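# Coordinate analysis (summary)
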Amino acid sequence: MTQPHHRPDPPERMCPSTPAANATVFLGMITPAGRVAYVTPQLPAEVALATVAGSPEPVESRYRLAGPCVTSSCGFWTGDHCGLGARVADSYREVTGATEAELPRCAIRRSCRWYAEQGAAACAACSHVVTDAR
Ligand code: SF4
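Notes on the structure follow. Note that the coordinates shown come from a computational prediction; the quantities given were computed from them, not determined experimentally.

### As for the pairing of strand 2 (residues 25–30)
Buried residues dominate strand 2, accounting for 5 of its 6 residues. Bridging between strand 2 and strand 3 (residues 36–44) involves 5 bridges; their strand directions are antiparallel. Pairing of Phe26 across the sheet is with Leu43, part of strand 3. A loop of 5 residues connects strand 2 with strand 3, the two strands running antiparallel in sequence, and Gly34 in this loop sits at a positive phi of about 85 degrees.

### Examining the side chain of Gln118
Relative to the assigned elements, Gln118 resides in helix 3 (residues 113–118). Non-local contacts of Gln118, meaning those with residues more than four positions away in its chain, are made with Gly85, Ala86, Ala89 and Arg93.

### Considerations on unusual backbone geometry
With an omega of -10 degrees, the peptide bond between Thr40 and Pro41 qualifies as cis. On the secondary structure map, Pro41 appears in strand 3. We note that Thr71 has phi near 45 degrees; this positive angle belongs to a residue other than glycine. Along the chain, Thr71 falls in the loop between strand 4 (63–68) and helix 2 (83–93).

### A look at the pattern of salt bridges
All chains considered together, the criterion is met by 1 salt bridge. Between Glu117 and Arg113 there is a salt bridge, with the nearest N and O atoms lying 2.9 Å from each other. Taken together, the residues span about one helical turn, with Glu117 and Arg113 both in helix 3 at a distance of 4 residues. Of the residues examined, Glu117 reaches a relative accessible area of 27% and is grouped as partly exposed. The exposure class assigned to Arg113 is buried, which follows from its relative accessible area of 12%.

Here is what the cut-offs are and how they apply
- Residues numbered from 1 in each chain as written.
- Predicted model: local features only at pLDDT ≥ 70, side-chain atom pairs only at ≥ 80, totals over all residues.
- Heavy atoms only, no water.
- Buried < 20%, exposed > 50% of the residue type's maximum accessible area, 1.4 Å probe, protein only.
- Helix = DSSP H or I, 4+ residues; strand = E, 2+ residues; numbered from the N terminus.
- Pairing = 2+ DSSP bridges.
- Contact = heavy atoms within 4.5 Å.
- Salt bridge = Lys/Arg side-chain N within 4 Å of Asp/Glu carboxyl O.

By themselves, these are just geometric observations and shouldn't be taken as functional.
Put into structure tokens, the structure is as follows:
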């Protein structure tokens with residue numbers, strides 16, 4: 001008998017800037033200075049969504065939410081990577097000499113699409129991103 005050929009599925013990647021409708025993780029709060037204060041340990045997106053129920057303000061203007069990367073169903077997907085992650089990381093790449101130890105503590109690093117593709121430069125940029133809810 002031959003062993004079945006086992007090929008593991010590629011790891012599911014998380015989008016660190018996803019609209020509320022796709023959110024599963026409460027990634028962070030946007031401070032008055034416009035920086036993200038990351039929430040650790042991981043909390044479900046529902047915790048953030050519950051605080052803004054009934055508010056006219058889009059939740060994305062107050063919180064950063066993460067959810068499964070939807071690849072080709074997203075306008076930022078280039079066909080093989082996240083174009084938004086590449087763009088935000090590029091804008092910070094020159095200014096970061098960040099070492100792994102200096103990266104912000106966020107709840108999704110091991111599965112983050114931006115970090116997997118762009119490395120530490122993505123994290124330096126990430127704390128300045130406010131999700132476009134449109
Ligand atoms: S800090 Fe880095 S690993 Fe965490 S969500 Fe942002 S880009 Fe991803």
